[in-house]
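Residues per chain, in single letters:
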Amino acid sequence: ILLDSLQKGGADIVIGSRFLKRGDYRPSFFRRIGISIFSTVLSTIMGMPVTDTTSGFRAVNSRVIGFFARVYPEDYPEVESLVLLHRAGMTIAEVPVRMRDRTGGRTSITPIRSAYYMIKVLLAVFIDLLKK
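Residues numbered from 1 in each chain as written. Predicted model: local features only at pLDDT ≥ 70, side-chain atom pairs only at ≥ 80, totals over all residues. Heavy atoms only, no water.

> Residue-level account of the sheet that holds strand β1 (residues 13-17), with values.
Sheet architecture is open: three strands sit in the order β2-β1-β3, paired in mixed fashion. Across the chains shown, the open sheet's two edge strands, defined by having one partner strand only, are β2 (58-60) and β3 (92-96). Here the average twist between neighbouring strands, direction ignored, is 20 degrees. Relative to the sheet, helix α4 (residues 77-87) contacts β1, β2 and β3, its axis offset from that of β2 by approximately 30 degrees. (Pairing = 2+ DSSP bridges. Helix = DSSP H or I, 4+ residues; strand = E, 2+ residues; numbered from the N terminus. Axes fitted to C-alpha atoms, helices over the stretch in contact; angles between N-to-C directions. Contact = heavy atoms within 4.5 Å.)

In structure tokens, the structure reads:
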């Protein structure tokens, strides 16, 4: 579905969004807050709704691959990379996808790590906006 949308829609990057359609995925309270904050900030910056800024389920074209070969955020790339692509004039689209909850293991993201992640990523985004 991502590749079809990439080829048909003319977007440079297509994000598989867990939130465009109501599904079974239910993030934790803290994750939900973070996703909401990132979504609001990026939607404002980009001038278009972005529902799933932390989705790693993405398809990109060769233009984005070339860009990412030169410029790619190191720590938490999902959110920041969208701002960089937007500033570079690339087009971004989202398509609804269904993701399942993890079937094993535990998340390493605690409430404290979530807060650290949010602060660090927002700071990186705002710094990117100040760069030429």
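From this point, things continue past the structure.
> Please set out the pattern of salt bridges residue by residue, giving values where relevant.
Under the defined criterion, the tally for this structure stands at four salt bridges. Between D75 and K120 there is a salt bridge, with the nearest N and O atoms lying 2.2 Å from each other. Taken as a pair, D75 in the loop between α3 (62-70) and α4 and K120 in helix α5 (residues 111-130) lie far apart in primary sequence, 45 residues in all. What makes K120 partly exposed here is its relative accessible area of 29%. Here D128 ties to K131 by a salt bridge, and the two come within 3.5 Å at their closest N and O atoms. You can call D128 buried: its relative accessible area is 3%. Relative accessible area serves as the criterion here: at 48%, K131 is assigned to the partly exposed category. (Salt bridge = Lys/Arg side-chain N within 4 Å of Asp/Glu carboxyl O. Buried < 20%, exposed > 50% of the residue type's maximum accessible area, 1.4 Å probe, protein only.)

> Requested: an account of α5, with residues and values cited.
Between its first and last C-alpha atoms α5 spans 29 Å; for 20 residues at 1.5 Å apiece the expected length is 28 Å, and the two agree. For α5, the complete set of buried residues consists of S114, Y117, M118, V121, L122, A124, V125 and D128. One side of α5 carries all its buried residues, which in axial view fall inside an arc of 160 degrees. Residues of α5 that are exposed and point over 90 degrees away from its buried face: I112, I119, L123 and L130. The inward-facing, buried residues of α5 contact α2 (29-46) and α4. (Expected span 1.5 Å × (residues − 1). Arc of directions from axis to C-beta.)

> Now, about the environment of Y25: what can you tell me, with residues and values included?
Its location among the elements puts Y25 in the loop between β1 and α2. Distance in space between the C-alpha atoms of Y25 and V79 is 20 Å, their sequence separation being 54 residues. Sequence-distant contacts of Y25, that is, excluding residues within four places in its chain, are made with R18, F19, R31, M99 and D101.

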